[in-house]
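Summary of the model geometry
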Amino acid sequence: MIEINPTSRINGEIHVPGDKSISHRAAFLGAMTRDGVEVSNFSPGQDCASTLACLEAMGCAVEQDKALNTVKIKAPTGLKEPKDVLDAKNSGTTARLLLGLLSGIPNLFAVVTGDESLKRRPMGRVVKPLVAMGAKIDGREFGERLPLAVRGRKLSGGVHALQVASAQVKTAILLAGLGAQGATTVIEPSPTRDHTEIMLEYLGVPVLKDGLKVTVYPTSSIPGESWRIPGDFSAAAFWIVAAAITAESELRIKEVNVNPTRTGLLKVLERMGLDHAIEDETLSGGERTATVAVRSSRLKGTTVSPEEVPSLIDELPVLAVAATRAEGITEIRGARELRVKESDRIHAMAINLKALGAQIQETDDGWIIEGRTTLSGGRAKSFGDHRVAMAMAVAGLVATGPVCIEDEECVSISYPGFFDDLTELTQTCLKEVSS
């Protein structure tokens, strides 16, 4: 358990870890390329390490230079049948993208599993369209839960209208479609992050985008490439909110991903009154990268609609913290997907913020939060969820007393250096405390 103490300001500059979503995709596509992929600023989190371990188990060569922070991924003789179960651990992205990759490799057999948390998360949303393409997948609850067994086959393309807006499901289908017979089209109910499409185009693979439709075509050879992965906007989100809600703060987050499908948090915070600027914008690997400068802001409440949720799904826990400091009511709707993340994030954040004195009502698909609440010190549970732990650390910075967070080690899933960066930016002394 770690103790977070209040701070009066957040000042300075920071680089956040490489984007987790892009790192996963770089690894998977690297395993499918002719010449391999070499990327710098690969995510140091445990989730992406799970992806690399699973690909290595299938014969993929992975070279990591931690001093230079680079990763090279290549399958010299193609992907092979693993000798053991592929363990995605806590990573839903790893599991779902593996299902797409494995389904289209003829005669290859593999079993995909995960930790207890991942075994509870829904997999039917990706299994059903893959089976419709001809995949052979079986497992618990008729393919709804891990572990899942996959026997690779030659797949057929087709048109797949998703019932749930999910970039993971979209990517799994597109990966399978690269080796299928005929074009593969995914139709989304609302826009989701488009890192896969951007990366395929950067690698020279034809992608047809038409509104909510994206289509890929069979390809026998994907060339390799090298680039720098931008900083993870979802990691930057904690510092954006922290700087906004603490007095006398001025923070610059450098070389962070500002892909419009990821920056829904900025749009919401802008209408809440966020004082910020986007500077030094450039491209890296086809992705928009920039410095995000944030200053202390007087926020007001707002309503987040269901249509906005896909572009800020991972940032909603820390947005809930911002809402406790905003003037008026904030209502977040259409976020039922939060209930099937690493934890039930709707419930976890409601329980934790209530424990600190926040006026927050848990609804079926979000929260109603009354702002300008004084948060007290107290104890928060991470529920084993990295984003809950980091969101409550941000809450601790503006509480009236220390906030102790249980099982804070889970931040290593995406941001192993989070508490080190918090100490450096706030000059706040963190300390381990006994439970």
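Details of the structure are given in the entry above.
Read on for an overview of the structure. Quick caveat, the model's predicted, so the values are computed rather than measured.

1. So, the overall build of the protein chain
- When helices and strands are counted, the protein chain shows 14 helices and 24 strands.
- Taking 22 Å as the expected radius of gyration for a compact globule of 435 residues, we find that the protein chain reaches 21 Å, a close match to that expectation.
- The C-alpha extent of the protein chain, read off along each of the three principal axes, is 60 × 45 × 45 Å.
- Within the protein chain, the fraction of its 435 residues that count as buried is 59%.
- Sequence-distant contacts in the protein chain: of pairs separated by 6 or more residues, those separated by 24 or more amount to 75%.
- As displayed, the protein chain has an accessible area near 16,300 Å², and 48% of this comes from carbon and sulfur atoms.
- Between the averaged position of the 48 positive side-chain charges in the protein chain and that of its 55 negative side-chain charges there is a distance of 4 Å.

2. Considering the side chain of Asn257
- You can see Asn257 is positioned in strand S15 (residues 250-257).
- For Asn257, a relative accessible area of 0% corresponds to the buried category.
- At 3.5 Å, the side chain of Asn257 and the side chain of Asp19 are in polar contact.
- A distance of 3.0 Å separates a polar side-chain atom of Asn257 from the backbone nitrogen of Asn259.
- Once you skip the residues sitting within four places of it in the chain, Asn257 turns out to touch Asp19, Ile22, His195, Pro230, Gly231, Phe233, Arg262, Thr263, Glu287 and Arg288.

3. Here's the deal with the layout of surface pockets
- Its volume calculated, the largest pocket comes out at about 750 Å³.
- Forming the boundary of the largest pocket are 42 residues, of which Ala165, Ser166, Ile313, Glu337 and Lys341 lie nearest the centre.
- Secondary-structure elements contributing two or more residues to the lining of the largest pocket are helix H1 (20-32), helix H3 (92-103), helix H7 (167-177) and helix H13 (386-397).
- At four residues, H1 tops the list of elements feeding residues into the lining of the largest pocket.
- Here the lining of the largest pocket is built from residues that sort into 10 nonpolar, 14 polar and 18 charged.
- In this structure, the second largest pocket encloses a volume near 430 Å³.
- Considering the residues around the second largest pocket, the lining is formed by 20 residues, among which Met32, Gly104, Ile105, Gly179 and Thr219 are closest to the centre.
- Looking at the lining of the second largest pocket, the elements that each hand over two or more residues are H1 and H7.
- In terms of residue class, the lining of the second largest pocket is built from 11 nonpolar, seven polar and two charged.

4. Regarding empty space enclosed by the protein
- In the structure shown here, the tally under the stated rule is one cavity of 30 Å³ or more.
- If you add up the space inside the largest cavity, you get close to 50 Å³.
- Lining of the largest cavity is provided by Pro17, Gly18, Asp232, Ser234, Ala235, Phe238, Arg387, Met390, Ser414 and Tyr415.
- Elements with a minimum of two residues in the lining of the largest cavity: helix H9 (233-245) and H13.
- In terms of residue count, the dominant contributor to the lining of the largest cavity is H9 (three residues).
- Class assignment of the residues belonging to the lining of the largest cavity gives a composition of five nonpolar, three polar and two charged.

The rules behind each value
Per chain, residue numbering runs from 1 following the sequence as it is written. In keeping with the model being predicted, local features are shown solely for residues with a pLDDT of at least 70 and side-chain atom pairs are shown and tallied solely at 80 or more, while totals for entire chains, interfaces and linings include all residues. The side-chain quantities take in all heavy atoms of the structure and omit both hydrogens and water. Every helix listed is a DSSP run of H or I at least four residues long, and every strand listed is a run of E at least two residues long, numbered separately from the N terminus. Atoms counted for the radius of gyration: C-alpha only. Globule rule: 2.2 Å times the number of residues to the power 0.38. When a residue's accessible area, from a 1.4 Å probe over protein chains only, is under 20% of the maximum for its type it is buried; when over 50% it is exposed; and in between it is partly exposed. We call two residues in contact when some of their heavy atoms are within 4.5 Å. With residues, only the protein chains shown are counted as cover, and all accessible areas are computed by Shrake-Rupley using a 1.4 Å probe. Working convention for charge: Lys and Arg count positive, Asp and Glu count negative, and His plus the chain ends are omitted. Just so you know, the charge point we use is NZ for Lys, CZ for Arg, CG for Asp and CD for Glu. For the purposes of these results, a polar contact is taken to be a pair of N or O atoms within 3.5 Å, where, inside protein, one atom must be able to donate a hydrogen and its partner to accept one; residues adjacent in sequence count only when each atom of the pair is a side-chain atom. Here the term cavity refers to a set of points on a 1 Å grid, laid over the protein atoms alone, in which a 1.4 Å probe fits but cannot get out; the term pocket refers to an open set having protein on both sides within 12 Å along at least five of seven lines, with lining residues being those that place an atom within 4 Å of a point. Grid points are joined across faces, edges and corners, and a volume is the space filled by probe spheres set on the points. Three classes are used: nonpolar for Ala, Val, Leu, Ile, Met, Phe, Trp, Tyr, Cys and Pro, charged for Asp, Glu, Lys and Arg, and polar for all others, with Gly counted as polar.

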